[in-house]
Amino acid sequence: MMLGVLGHLPLVLARAVLTALCGRLSALCWGLAPLVLPLPPWRRRSDCSPDTPAARREDQDEAVSTPTSVNYHFTRQCNYKCGFCFHTAKTSFVLPLEEAKRGLTMLKEAGMEKINFSGGEPFLQDRGEFVGQLVRFCKEELKLPSVSIVSNGSLIRERWFKKYGEYLDILAISCDSFNEEINVLIGRGQGKKNHVENLHKLRQWCREYAVAFKINSVINRFNVEEDMNEQIKALNPVRWKVFQCLLIEGENSGEDALREAEKFVVSDEDFEQFLERHRDIPCLVPESNQKMRDSYLILDEYMRFLNCRNGRKEPSKSILDIGVEAAIKFSGFDEKMFLKRGGKYVWSKADMILDW
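Since this is a predicted model, take the numbers as computed values, not measurements. (Residues numbered from 1 in each chain as written. Predicted model: local features only at pLDDT ≥ 70, side-chain atom pairs only at ≥ 80, totals over all residues. Heavy atoms only, no water.)

Visitor: Can you walk me through the nonpolar core in this structure?
Guide: Generally speaking, nonpolar side chains in soluble globular proteins are found buried as a group. Counting residues in hydrophobic clusters, the biggest one holds 67 residues, and the most contacted among them are Tyr72, Leu104, Ile115, Phe117 and Trp240. Sort the elements by how many residues they give to this core and helix H5 (residues 129-141) lands first, with 6 residues. Apart from the residues lying within four places of it in its own chain, the contact partners of Phe117 are Tyr72, Phe74, Leu104, Pro122, Val131, Leu134, Val135, Cys138, Val147, Ser148, Ile149 and Val150. Among the nonpolar cores identified, the runner-up in size contains 16 residues, and Phe84, Phe243, Phe264 and Ile298 belong to it. (Core = buried A, V, L, I, M, F, W, Y, C linked by side-chain atoms within 4.5 Å. Buried < 20%, exposed > 50% of the residue type's maximum accessible area, 1.4 Å probe, protein only. Helix = DSSP H or I, 4+ residues; strand = E, 2+ residues; numbered from the N terminus. Contact = heavy atoms within 4.5 Å.)

Okay, structure coming up:
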């Protein structure tokens, strides 16, 4: 019938009517467009979507990570001057003890299972009493499965083990060389004190007071040719963390840095050769720059998460001000890399089979 009507109209008028009808039809189709509902997070990217690093990072940013394992650098002060240090003494601030406990309680409520206290040097504050009280609080009050400390070991005394040893699961001591001259070159020299001799004394105290013993070594230009097989096997740590020297702008690299670590840097190939030389040590845990950069949840002295994705430490707001869930979104934490590098392991001494 419509065609019949159009047949009696002049051609120009007929075209105008058709154009108007098409416009109305188009508007009607848009109005009937299906409602698109947001899909749950695990369905947002289809199987045919590109799996690029940027796309994976976007997914990670949307999902809130659980702070399973947290490294709390509660002080930046240190009595050593390691040339490659990437958490330098830019401030002398330390949270009041009760505020630190409040933040640790918030982390436990958010899912924290392991806390690692670091620095700076943790035993500088109140001669070890500050970190001792935090260790006891985390084990006794928060009931955390794992409580650990990273220290250079120079200030630890046996009386500390007598008072707090039962609450500590793991003590990690930094030792980059078994040659005292190299330790001095690196910045671990302290006059007449011998870093290696002290390491053996701490190993014995860990046996006596049932604390799992761990060693951390940063591989750099001064120790990359060293063979540490004999010494590590004799000390028999539960883990030997071997880090590749890492540059962090504003900390150990750049104009506003307190250290100049460029002269300590080793290539990926040199690092791999060091690992190959020590491949028969079962407790060896290697960590290249790629593994380290985004796979640690780091809290600074203000309890701010530090994002290292861009090669420098960019802080979130403090968890004490905005909460753990809001702050952790800015941490840059790569949970997949954390698991890939073996970040979750048997970390409670109650579950370890150890020759004390």
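Visitor: Where do I start with H5 in this structure?
Guide: Residues that lie three or four places apart on an α-helix share one face, since the helix turns once every 3.6 residues. The end-to-end C-alpha separation of H5 is 17 Å, in line with the 18 Å expected for 13 residues at 1.5 Å each. Looking only at H5, the buried set comprises Phe130, Val131, Gly132, Leu134, Val135, Phe137, Cys138 and Lys139. Buried residues belonging to H5 abut strand E1 (69-73), helix H4 (97-109), strand E2 (114-118), strand E3 (146-151) and helix H6 (158-164). (Expected span 1.5 Å × (residues − 1).)

Visitor: Is there a simple way to explain helix H10 (residues 268-277) in this structure?
Guide: Restricting attention to buried positions, one finds in H10 the residues Phe271, Phe274 and Leu275. Projected down its long axis, H10 shows its buried positions confined to an angular sector of 100 degrees, all on one face. The secondary structure elements touched by the buried residues of H10 are strand E5 (212-219), strand E6 (239-244) and strand E7 (284-287). (Arc of directions from axis to C-beta.)

Visitor: I tried to follow the environment of Asp334 on my own but got confused; where do I start?
Guide: Turning to its location among the elements, Asp334 is positioned in the loop between helix H13 (324-328) and helix H14 (335-340). C-alpha of Asp334 to C-alpha of Tyr296: the two residues are 38 residues apart in sequence and 7.8 Å apart in space.

Visitor: So what exactly am I meant to see when it comes to the packing of H4 against H5 here?
Guide: A pair of packed helices is captured by two measures, namely the crossing angle of their axes and the spacing between those axes. Where H4 contacts H5, the two axes come as close as 11 Å, and the packing angle between them is 35 degrees. For the element pair H4 and H5, the recorded crossing hand is right-handed. Contacts between H4 and H5 pair Leu97, Ala100, Lys101, Leu104 and Thr105 from the former with Phe130, Gln133, Leu134, Phe137 and Cys138 from the latter. Among the residues forming the contact of H4 with H5, the class breakdown is 7 nonpolar, 2 polar and 1 charged. (Axes fitted to C-alpha atoms, helices over the stretch in contact; angles between N-to-C directions. Left-handed = near helix turned anticlockwise from the far one by under 90°. Nonpolar A, V, L, I, M, F, W, Y, C, P; charged D, E, K, R; others polar.)

Visitor: Would you mind going over the environment of Ser65 with me for this structure?
Guide: For Ser65, the position within the fold is in the loop between helix H3 (53-62) and E1. As a C-alpha pair, Ser65 and Phe333 span 268 residues in sequence and 7.6 Å in three-dimensional space. Sequence-distant contacts of Ser65, that is, excluding residues within four places in its chain, are made with Ile328, Phe333 and Glu335.

Visitor: Sorry if this is basic, but what is going on with the pattern of salt bridges here?
Guide: For side chains of opposite charge, pairing can occur when their charged atoms come near one another. Across all of its chains, the model carries 14 salt bridges by this definition. With a closest N to O distance of 2.7 Å, Asp169 and Lys139 form a salt bridge. Of the two residues, Asp169 sits in the loop between H6 and strand E4 (170-174) while Lys139 sits in helix H5, which places them 30 residues apart along the sequence. Note on Asp169: relative accessible area 2%, which makes it buried. (Salt bridge = Lys/Arg side-chain N within 4 Å of Asp/Glu carboxyl O.)

Visitor: Looking at this structure, I do not really get a negative patch on the surface. What am I missing?
Guide: A cluster of acidic residues, Glu225, Asp268, Glu269, Asp270 and Glu272, forms a negative patch at the surface. Tracing the chain through its elements places Glu272 in helix H10. (Patch = residues over 30% accessible without salt bridge, like charges linked within 9 Å, V, L, I, M, F, W, Y side chains within 5 Å. Areas by Shrake-Rupley, 256 points an atom, 1.4 Å probe, with all protein chains shown as cover. Lys, Arg positive; Asp, Glu negative; His and termini not counted. Charge placed at Lys NZ, Arg CZ, Asp CG, Glu CD.)

Visitor: Hey, could you run me through unusual backbone geometry in this one?
Guide: Keep in mind that most residues, glycine aside, have a negative phi and that most peptide bonds are trans. Cis geometry marks the peptide bond from Gly119 to Gly120, where omega comes out at 15 degrees. Structurally, Gly120 is set in the loop between E2 and H5. Even without being a glycine, Lys143 presents a positive backbone phi close to 60 degrees. The topology assignment puts Lys143 in the loop between H5 and E3. Exposure remark for Lys143: the relative accessible area of 60% places this residue in the exposed category. Even without being glycine, Met303 reaches a positive phi, approximately 60 degrees.

Visitor: It is not clear to me how the packing of aromatic side chains should be interpreted in this structure. Could you clarify?
Guide: The geometry of an aromatic ring pair is captured by two quantities: the separation of the ring centres and the angle between the planes. Enumeration over the complete set of coordinates arrives at 15 aromatic pairs. Through pairs of rings, three or more aromatic residues link up here, namely Phe123, Trp160, Phe161, Tyr164, Trp205 and Tyr209. The positively charged end of Arg239 is found above the aromatic ring belonging to Tyr345, 3.6 Å away from the centroid. Sitting over the face of the ring of Tyr296, Arg341 holds its NZ or CZ atom 3.7 Å from the ring centroid. (Phe/Tyr/Trp six-rings, centres within 6.5 Å; stacked < 30°, edge-to-face > 60°. Lys NZ or Arg CZ within 6 Å of the ring centre and 35° of its normal.)

Visitor: Would you mind going over the pairing of E5 with me for this structure?
Guide: When a strand is regular, its side chains alternate between the sheet's two faces. Counting buried positions along E5 yields 8 of 8 residues, so the element is predominantly enclosed. With burial as the criterion, each face of E5 is covered, one bearing Ala212, Lys214, Asn216 and Val218 and the other bearing Phe213, Ile215, Ser217 and Ile219. Note that E4 and E5 share 5 bridges and pair parallel. The partner of Leu171 across the bridge, within E5, is Phe213. Where E5 meets E6, 6 bridges bridge the pair, whose relative direction is parallel. Bridge pairing links Val218 to Phe243 in E6. (Pairing = 2+ DSSP bridges.)

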